[in-house]
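Summary of the model geometry
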Amino acid sequence: MKAAIFYFTMSGNTELAAKEVAEATGAPLVRLHAEPPYTVDDIDWTHPDARCTREHKDHSLLPRVKPFGVDISSLDTVFIGFPIWWHEEPAIIRSFLTTYHDQLKGKTLYPFCSSYSSPVSEADASLTKVFPDLNWKVGLRLPGSQAEIRKWIEQ
């Protein structure tokens, strides 16, 4: 399997989850950054004018993805990690998928999230609805055990 782990993190929880996936797969980590970067105020979901709230309400608001120097076309498997915001993937993930959509076609995509309360199933539904032509596997909420991660990948 030629794979890479693309992930977005703000608090560091998704980075820890991505490292768990890397330990189980040996795939390299690629951190996604928004341009302009998110600030702490941008992710204050309790504020109606926060950037994350506006992006949740209007899915056309997509931040640019800072270039990361990985040739996606050389991969066959792509792991995509993110925190759950508003019961779905953050706009930066939709931006990544939109920007690299053609390169992601034909790849096997494994979404994973970090969340203490929201299930990944809502993000699964959102991703497959917006990007139905991509080859999605069922997502996984982390943290988890190495055995659980391996079982998820082998599904």
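Quantities reported herein were computed from a predicted structural model and do not represent experimental measurements.

A residue-level look at the chain finds 98% of positions with pLDDT of 70 or above and a mean pLDDT of 90. Predicted confidence in the chain is weakest over helix α2 (residues 51-57), with a mean pLDDT of 84, and strongest over strand β1 (residues 3-7), with 98.

On to helix α5 (residues 121-130), then. Of the residues making up α5, those classed as buried are Ala123, Asp124, Ser126 and Leu127. Around the axis of α5, the buried residues are gathered within 165 degrees of arc, so they sit on the same side. Contacts from the buried residues of α5 go to β5 (77-83), α3 (91-99), β6 (108-114) and β7 (135-136).

Now for the nonpolar core. The biggest cluster of nonpolar side chains holds 33 residues, and the ones touching the most others in it are Phe6, Phe68, Ile80, Ile93, Phe96, Leu97 and Leu104. Sorting the residues of this core by element identifies β1, β5, α3, β6 and α5 as the ones contributing at least two each. Considering each element in turn, this core owes the most residues, 5 residues, to α3. If we ignore the near neighbours within four places in the chain, the residues touching Ile80 are Phe6, Ile93, Phe96, Leu97, Leu109, Tyr110, Pro111, Phe112 and Trp136. With 17 residues, the next largest nonpolar core counts Ile5, Ala18, Trp152 and Ile153 among its residues.

Moving on to the side chain of Glu89. Turning to its location among the elements, Glu89 is positioned in the loop between β5 and α3. Assessed through its relative accessible area of 1%, Glu89 is described here as buried. In this structure the side chain of Glu89 is engaged in a polar contact, spanning 2.9 Å, whose partner is the side chain of Ser126. If sequence neighbours within four positions are ignored, Glu89 has contacts with Phe82, Pro83, Arg94, Ala123, Ser126 and Leu127.

The next point concerns the packing of helix α1 (residues 13-25) against helix α6 (residues 146-154). Where α1 meets α6, the axes come as close as 9 Å, and the angle between the chain directions of the two elements is 70 degrees. The angle between the axes of α1 and α6 places the two elements in the roughly perpendicular class. Contacts between α1 and α6 involve Glu20, Val21, Glu23, Ala24 and Thr25 from the former and Gln146, Ile149, Arg150, Trp152 and Ile153 from the latter. Grouping the amino acids of the contact of α1 with α6 by side-chain chemistry returns 5 nonpolar, 2 polar and 3 charged.

Reading the values: the criteria
Residues numbered from 1 in each chain as written. Predicted model: local features only at pLDDT ≥ 70, side-chain atom pairs only at ≥ 80, totals over all residues. Heavy atoms only, no water. pLDDT = per-residue confidence, 0-100. Helix = DSSP H or I, 4+ residues; strand = E, 2+ residues; numbered from the N terminus. Buried < 20%, exposed > 50% of the residue type's maximum accessible area, 1.4 Å probe, protein only. Arc of directions from axis to C-beta. Contact = heavy atoms within 4.5 Å. Core = buried A, V, L, I, M, F, W, Y, C linked by side-chain atoms within 4.5 Å. Polar contact = N/O pair within 3.5 Å; in protein donor to acceptor, adjacent residues only side chain to side chain. Axes fitted to C-alpha atoms, helices over the stretch in contact; angles between N-to-C directions. Parallel < 35°, antiparallel > 145°, perpendicular 65-115°, else oblique. Nonpolar A, V, L, I, M, F, W, Y, C, P; charged D, E, K, R; others polar.

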